[in-house]
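# Descriptive analysis of the structure
Chain by chain, the residues run as shown.
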Amino acid sequence: MIGLISATAAGAAARDRLAAAWPDRTRVYDGPVGDAVRSAFAECGQLVCFLATGAVVRLIAPLLGEKTADPGVVCVDEGGRFAVSLVGGHAGGANELAREVGEVLAAQPVVTTATDSVGLPGLDTLGFPVEGSVATVSRALLDGEPVALRTELTWPLPPLPLAGEGAYTVRLTDRAVEPAEREVLLRPPSLVVGVGASKGAPADEVLTLVEGALRDAGLSPRSIAELATVDAKAEETGIVEAAARLGVPLVTYTAEELAAVAVPNPSDAPLAAVGTPSVAEAAALVRGGELLVPKRKSAPRDGRPAMATCAVVRRLARGRLAVVGLGPGARDLLTPRAKAELRRASVLVGLDQYVDQIRDLLRPGTRVLESGLGAEEERARTAVAEARAGHAVALIGSGDAGVYAMASPALAEASDDIDVIGVPGVTAALAAGAILGAPLGHDHVSISLSDLHTPWEVIERRVRAAAEADIVVTFYNPRSRGRDWQLPKALAILAEHRAPTTPAGVVRNASRPDESSRVTTLGALDPAWVDMMTVVTVGNTATRNIAGRMVTPRGYRWQESAPEGAE
């Protein structure tokens, strides 16, 4: 929960805007400011104070304890111009909160944390438990000192400017080791602990068993990703409490799913009790991985038999492929989600001219694999291969990556051994439509006129179907030096079913500095105006030119008489 505190009418107005934007995330604290800050500091994970920074410093100073436990605090000035990350930039999430507040209030986020200021991710913000000399190694990164990366297992890390050798080290490991003097340990969530338990098994017995199994195998409990068991034990108190005390989720599977898993130590007892010959081993192995600790039982207590079993598996990391649409080119049409994925990726794959558009958004250490026109399939194969190698990859394309772009060839190469995230973008038809007016107000279709990959006979059949169905058409890839007859042919097909006065629009380089556009008619449209940087939109029989804009009504009941200014 985010506590909101203000002292003046101006502050209260901005506070209420934030509360309205985030009704489920925020709580307003009224009353004397000092009391409100103290209450919010004790009860909330984060605070936004609409006060002077000096006042907030004085109010929270007596309340500060450990940086890892204190809430993140953001200050917003009276004019609503700045959102300042004051305390808990990383551990308390104040840096990211300042950015979010800035977006809602149109304020400038102010982040002074050293790593964030130069575009480096903080070692304590990578999403992993971290141990060791975080401040020392972070300073070495900031000073340009060589920091070595030691990975004992592959995991999709975000970009870091790390070297092969160096006096400082970042070590990715799930082993129970202590960090060296100039070392940071990152604990990936690589371990799955399968557990089984008799009815009424105490949580202490389950925990003692799990902790002993990890200790004997030399594994860190901070790398436990989840506890797993059969769904019949989903509400077994000892297992549920053990997961809660370990701070990990409890995942359950059906007996049928577990019975299908080959295990080294099946047993008749669980088969009779819950319908599967293995619970602990099968639950740990059901999603694959390496069995590090075979099934073991807890110690008998107070003259009764063991009541818990566990097994430990190291799950292989799944690479991550984000297929990112960059939009039509304007930076303000690049979505926040796309920006976040670009900054998260350690490997970027894309067409060289698209890479140039967003190069400044990449974090130091990002490996860029760029190529020229005509290598779409190779880029897709490269991106998938990098993800299969366990990296966090962003594959970029213009517009929306799923529309005549990179998502299709990438997903044709990918299988279920990697995670794929689609990031939508503003595609050319939408960007052009916004410039022309509202031509896509009813059913519409996009058709590429490039016959490099699709036979012209197929394209022509689709154009004819759209023409006969009276659907608004947007033509992608309409005309190039080597393909100059396809657009006239497509327009002629449409003209068989639509009047020459049907509104049509031509937009070149939508949203870019050299953008140009014109609203014309189907009969007057000159293909010479068009090249590969152009999108052509032709209305249906209901589309009208109103005040120089293309407008397609949402329904077919148009006004009895054309509106003033319509043609």
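Residues numbered from 1 in each chain as written. Predicted model: local features only at pLDDT ≥ 70, side-chain atom pairs only at ≥ 80, totals over all residues. Heavy atoms only, no water.

### Section: the pairing of strand β12 (residues 224-230)
Counting buried residues in β12 gives 6 out of 7 residues, a clear majority hidden from the surface. Bridge count between strand β11 (residues 191-197) and β12: 4 bridges; the pairing is parallel. What sits directly across from G194, in β12, is A228. Of the pairings in the sheet, the one linking β12 to strand β13 (residues 250-253) comprises 4 bridges and is parallel in character. Bridge pairing in β13 links A228 to V251. (Buried < 20%, exposed > 50% of the residue type's maximum accessible area, 1.4 Å probe, protein only. Helix = DSSP H or I, 4+ residues; strand = E, 2+ residues; numbered from the N terminus. Pairing = 2+ DSSP bridges.)

### With respect to the pattern of salt bridges
Counted by the stated rule, this structure contains 32 salt bridges. For E131, the salt bridge goes to R222, with nearest N and O atoms at 3.5 Å. Highlighted residues: E131 in strand β7 (residues 130-132) and R222 in the loop between α7 (203-217) and β12, separated in sequence by 91 residues. A salt bridge links E370 to R359; the nearest nitrogen and oxygen atoms lie 3.3 Å apart. You can see E370 sitting in strand β18 (residues 367-371) and its partner R359 sitting in the loop between α13 (352-358) and β18, a full 11 residues away along the chain. Take R359: its relative accessible area is 35%, and that puts it in the partly exposed class. (Salt bridge = Lys/Arg side-chain N within 4 Å of Asp/Glu carboxyl O.)

### Considering the sheet that holds β7
Here we have 4 strands laid out as an open sheet, ordered β7-β10-β9-β8, and mixed in their pairing. Strands at the two margins of the open sheet, each flanked by one partner only, are β7 and β8 (147-151). When strand polarity is set aside, the average angle formed by the axes of neighbouring strands in this sheet is 20°. Pairing of strand β9 (residues 168-172) with strand β10 (residues 183-186), which is carried by 4 bridges, proceeds in the parallel orientation. Directly across from T169, in β10, lies its bridge partner E183. In the packing of helix α6 (residues 134-142) onto the sheet, the strands contacted are β7, β8, β9 and β10, and the crossing angle to β9 comes to about 115°. (Axes fitted to C-alpha atoms, helices over the stretch in contact; angles between N-to-C directions. Contact = heavy atoms within 4.5 Å.)

### Topic: the sheet that holds strand β2 (residues 26-29)
Pairing between the strands of a sheet is mediated by backbone hydrogen bonds and can be parallel or antiparallel. Spatial ordering of the open sheet is given by β2-β1-β3-β4-β5-β6, a layout of 6 strands whose pairing is mixed. The open sheet has two free edges, formed respectively by β2 and β6 (108-110), since each of these has just one partner strand. Each strand axis lies, on average, 25° off the axis of its neighbour in the sheet, ignoring direction. Of the strand pairs in this sheet, strand β1 (residues 2-6) and β2 are connected by 4 bridges, and their pairing is parallel. Across the sheet, I2 pairs through a bridge with T26, a residue of β2. Contacts from helix α2 (residues 33-43) reach β1, β2, β3 (46-50) and β4 (72-76), with the element oriented near 170° to β1.

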